[in-house]
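# Structural description and commentary
Below are the chains, spelled out letter by letter.
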Amino acid sequence: MKTLGYYNGKFGPLEEMTVPMNDRACYFGDGVYEATLARNGKIFALKDHLDRFFNSAGLIKIDIPYTKDELAAILYDMLAKMDDKDIFIYWQMTRGTGIRQHQFPEKGTKPNLWIFMKPGKPADSGKRLKLTDMEDTRFLHCNIKTLNLLVNVMAAEKAESLGCGECVFHRGDIVTECAHSNVSIIKDGVFKTHPTDHYILPGITRMHIIQICKDNGIIVDETPFTMAELMDADEIIVSSSTKFCSPACEMNGTPIGGKAPELVDLIQKKYTEKFENETIQKSIPDRLRRWDFYLPAQVFLRSAQQVRRPTEQLPLSIFSLEHASNSKLHPVLGNGSSRYRHSCIL
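All values reported here derive from a predicted model rather than from experimental measurement.

All right, on to the nonpolar core then. Ranked by internal contacts, the top residues of the largest apolar core, which has 29 residues, are Ile-89, Trp-91, Ile-115 and Met-117. When contributions to this core are tallied by element, the ones reaching two or more residues are β1 (4–7), β3 (31–39), α2 (46–59), α3 (68–79), β5 (86–94) and β6 (112–119). Residues contacting Trp-91, with those up to four places away along its chain left out, are Val-32, Tyr-33, Glu-34, Thr-36, Leu-46, His-49, Leu-50, Phe-53, Leu-71, Leu-75, Trp-114 and Ile-115. Within the second largest apolar cluster, 26 residues are counted, among which are Ile-218, Ala-260, Leu-263 and Tyr-271.

Turning our attention to the packing of α2 against α3. In the contact formed by α2 and α3, the axes pass within 11 Å of each other and the chain directions differ by 120°. When the interaxial angle is binned, α2 and α3 end up oblique. The crossing of α2 and α3 is right-handed. Between α2 and α3, the contacting residues are Leu-46, Leu-50, Asp-51, Phe-53 and Phe-54 on the first element and Lys-68, Leu-71, Ala-72, Leu-75 and Tyr-76 on the second. For the contact of α2 with α3, the per-class residue count stands at eight nonpolar, no polar and two charged.

Note on backbone geometry: most residues besides glycine have negative phi, and most peptide bonds are trans. Backbone geometry places Lys-61, a non-glycine residue, at a positive phi of 60°. Locating Lys-61 in the fold gives a position in the loop between α2 and α3. Unusually for a residue other than glycine, Phe-244 sits at a positive phi of about 60°. Positionally, Phe-244 belongs in strand β14 (residues 244–251). Residue classification places Phe-244 among the buried positions, given a relative accessible area of 6%.

Right, let's talk about helix α4 (residues 150–161) for a bit. Compared with an ideal rise of 1.5 Å per residue, which puts 12 residues at 16 Å, α4 spans 17 Å between its outermost C-alpha atoms and is within 8% of the ideal. All of the buried residues in α4 are Val-151, Asn-152, Ala-155 and Ala-159. The arc enclosing the buried residues of α4, seen along the axis, measures out at 100°, which places them on a common side. Summarising the geometry of α4, the exposed residues directed more than 90 degrees from the buried face are Leu-150, Val-153, Glu-157, Glu-160 and Ser-161. The inward-facing, buried residues of α4 abut β7 (129–135), β8 (166–171) and β9 (174–178). Immediately downstream of α4, the backbone of Gly-163 shows phi near 75°, a positive value.

The tally for this structure, following the rule as stated, stands at 12 aromatic pairs. Arranged with centres 6.5 Å apart and planes meeting at 65°, the rings of Tyr-27 and Phe-28 form a pair that is edge-to-face. Here Tyr-33 and Tyr-90 contribute two aromatic rings whose centre-to-centre distance is 5.4 Å and whose plane-to-plane angle is 25°, an arrangement assigned as stacked. With Tyr-33 in strand β3 and Tyr-90 in strand β5, this residue pair connects regions lying 57 residues apart in the sequence. Here the two residues Tyr-33 and Tyr-90 agree in accessibility, since each one is buried. Pairwise contacts between aromatic rings join Tyr-33, Phe-88, Tyr-90 and Phe-116 into one cluster. Across the ring face of Phe-104, the terminal group of Arg-95 is positioned such that the distance to the ring centre comes to 3.7 Å. Positioned above the aromatic ring of Phe-88 is the side chain of Lys-118, whose terminal nitrogen or guanidinium carbon lies 5.5 Å from the ring centre.

Calculation rules
- Residues numbered from 1 in each chain as written.
- Predicted model: local features only at pLDDT ≥ 70, side-chain atom pairs only at ≥ 80, totals over all residues.
- Heavy atoms only, no water.
- Core = buried A, V, L, I, M, F, W, Y, C linked by side-chain atoms within 4.5 Å.
- Buried < 20%, exposed > 50% of the residue type's maximum accessible area, 1.4 Å probe, protein only.
- Helix = DSSP H or I, 4+ residues; strand = E, 2+ residues; numbered from the N terminus.
- Contact = heavy atoms within 4.5 Å.
- Axes fitted to C-alpha atoms, helices over the stretch in contact; angles between N-to-C directions.
- Parallel < 35°, antiparallel > 145°, perpendicular 65-115°, else oblique.
- Left-handed = near helix turned anticlockwise from the far one by under 90°.
- Nonpolar A, V, L, I, M, F, W, Y, C, P; charged D, E, K, R; others polar.
- Expected span 1.5 Å × (residues − 1).
- Arc of directions from axis to C-beta.
- Phe/Tyr/Trp six-rings, centres within 6.5 Å; stacked < 30°, edge-to-face > 60°.
- Lys NZ or Arg CZ within 6 Å of the ring centre and 35° of its normal.

The structure is reproduced here in structure tokens:
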């Protein structure tokens, strides 16, 4: 498929999918979401995104009715239906369906799982971004990746109308983040970024860049910085799951950054290597060493056949098989097919 939509076990071309009017996402944006990229059938940084997804849901008291392994299996099951090599993946969990009321729906209401996939590649991080800014008027729960994005939408539209790639939020003079990215600066060889408090989303790419800096001897300073510091910085880096590590060149028409390109190049190179290493087309045995979640039986059996050489039997010690029905392991898939759980014990 070129595009794919999913809602509580039903799936099809994205433009053909429908959802109930009483899903609480429609009235309140009552839910949480995640988004990342996939390449060669591998979802990038999936564990990190699932950890944040479950944390966000817990902070707004949504009890996700799947384990992380089960949700990963659903995402991979959908990804296998896509035609393209590079895919953008989005998923969200809402508080459920019920007649509109501000308080939570009645006890026992099951949350709703939405997924959509479409072709998508990382942005060209070699192109420097023009920026604009806006006072950060969002609420004080920015650490939760919720569906409440009205101010972000307005900021993104402002950036678009001005021909800019992002809009920087600030509370007074303190920089927080961007409309749909984190923003950090480099000054005198130090990578400075706002701490992960309730003013910013704890970005997955931001987290990876911090680790890259530490691994390569770049000092990291997780303290708030001002708009004046941003304007005077050697480099300004905008980071997200689709932008990766994108440097900036202007703020409201005034030139900024461009004074430490060697550090930007290093971080970009290391981040690209991380992405490519984690999404490379691997051999079947390598993939089986890393996977530990539920797969369609036919996918598992096909993989097992590819592992076995024609003159050999598949060693029984390699796999632990557990046959189970959808009703126990995958109630959302709804197609009645058998499932196997496999764990590699090499």
